[in-house]
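# Notes for the structure review
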Amino acid sequence: GQSLEQPSEVTAVEGAIVQINCTYQTSGFYGLSWYQQHDGGAPTFLSYNALDGLEETGRFSSFLSRSDSYGYLLLQELQMKDSASYFCAVRSPSGGYNKLIFGAGTRLAVHP
Amino acid sequence: EAGVTQFPSHSVIEKGQTVTLRCDPISGHDNLYWYRRVMGKEIKFLLHFVKESKQDESGMPNNRFLAERTGGTYSTLKVQPAELEDSGVYFCASSQEIGRDAYGYTFGSGTRLTVV
């Protein structure tokens, strides 16, 4: 089967750094994506790693190790508005196209 | 550009009734996806349209679910008859993909379906 594992909840304080890990087991792999979702809102695209290494976008960075089937999202200088759910998702082949296979999400709570 | 629009945002129906969810993707996006999230669980893939054709419907739970995409534009997802376990948030997403390039999906805000 296909599965992604990520922690269900993470708590941190403003200004801190938090890392959300994701391990995956899928049939086929193009890359690992991260999405952010605020309560009641749409999941929004944060980052994508197709190759091993670190991708940095402002306060957020994402890392991938394909040999370990592992990735993480790093959030720096946390702000209250970063409180949300974060989903890792594998971009998986699908008949010449592709689809996203999601994890169950990590709920991040940022406290003052 | 306008985002992905879903209607209705909320729906409460009785078991056995029919509900139709609608999704308007971003104009020009050939790829349209339906996903569902049951409380606390993963965002689960339901199906994928490329234009008006069903590319992958491996995630559809059973034959009570019917998805269509008229003329390759908007899409509907009908549940008939609805059961209690169909409750959840149904998301639609669209993308303009080229091969394996890293174009992110744009999601709608979802339809929260409650079957009572």
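For the structure itself, look to the data block above.
Residues numbered from 1 in each chain as written. Chains lettered and ligands numbered in written order. Predicted model: local features only at pLDDT ≥ 70, side-chain atom pairs only at ≥ 80, totals over all residues. Heavy atoms only, no water.

## Some thoughts on the state of the cysteines
By definition, a disulfide links the sulfur atoms of two cysteine residues through a covalent bond. Residues and elements named next belong to chain B. Per the stated rule, a full pass over the model turns up two disulfides over all chains. With a sulfur-sulfur separation of 1.9 Å, Cys23 is cross-linked through a disulfide to Cys92. Taking the torsion about the sulfur-sulfur bond, which here is approximately -65 degrees, the covalent link between Cys23 and Cys92 counts as left-handed. Of this pair, Cys23 sits in strand 3 (residues 19-24) while Cys92 sits in strand 9 (residues 88-95), and the two are 69 residues apart along the sequence. When its relative accessible area of 0% is taken as the criterion, Cys23 is described as buried. (Disulfide = S-S within 2.5 Å. Helix = DSSP H or I, 4+ residues; strand = E, 2+ residues; numbered from the N terminus. Buried < 20%, exposed > 50% of the residue type's maximum accessible area, 1.4 Å probe, protein only.)

## What to know about the side chain of Gln6 of chain B
Residue and element names in this part refer to chain B. One can find Gln6 in strand 1 (residues 5-7). Given a relative accessible area of 11%, Gln6 falls into the buried group. At 2.9 Å, the side chain of Gln6 forms a polar contact with the backbone nitrogen of Cys92. Residues within four places of Gln6 in sequence aside, it is in contact with Arg22, Cys23, Trp34, Tyr90, Phe91, Cys92, Gly108, Ser109, Gly110 and Thr111. (Polar contact = N/O pair within 3.5 Å; in protein donor to acceptor, adjacent residues only side chain to side chain. Contact = heavy atoms within 4.5 Å.)

## Focus: the pairing of strand 7 (residues 65-69) of chain B
Residues and elements named next belong to chain B. A one-sided burial pattern is seen for strand 7, the buried positions being Phe65, Ala67 and Arg69 and the unburied ones Leu66 and Glu68. Pairing geometry for strand 7 and strand 8 (residues 75-79), over five bridges, is antiparallel. Paired with Arg69 across the bridge in strand 8 is Ser75. In this antiparallel pair of consecutive strands, strand 7 and strand 8, the connection spans five residues, and Gly71 shows a positive phi of 60 degrees. (Pairing = 2+ DSSP bridges.)

Read these as layout, nothing more, since geometry by itself doesn't imply function.
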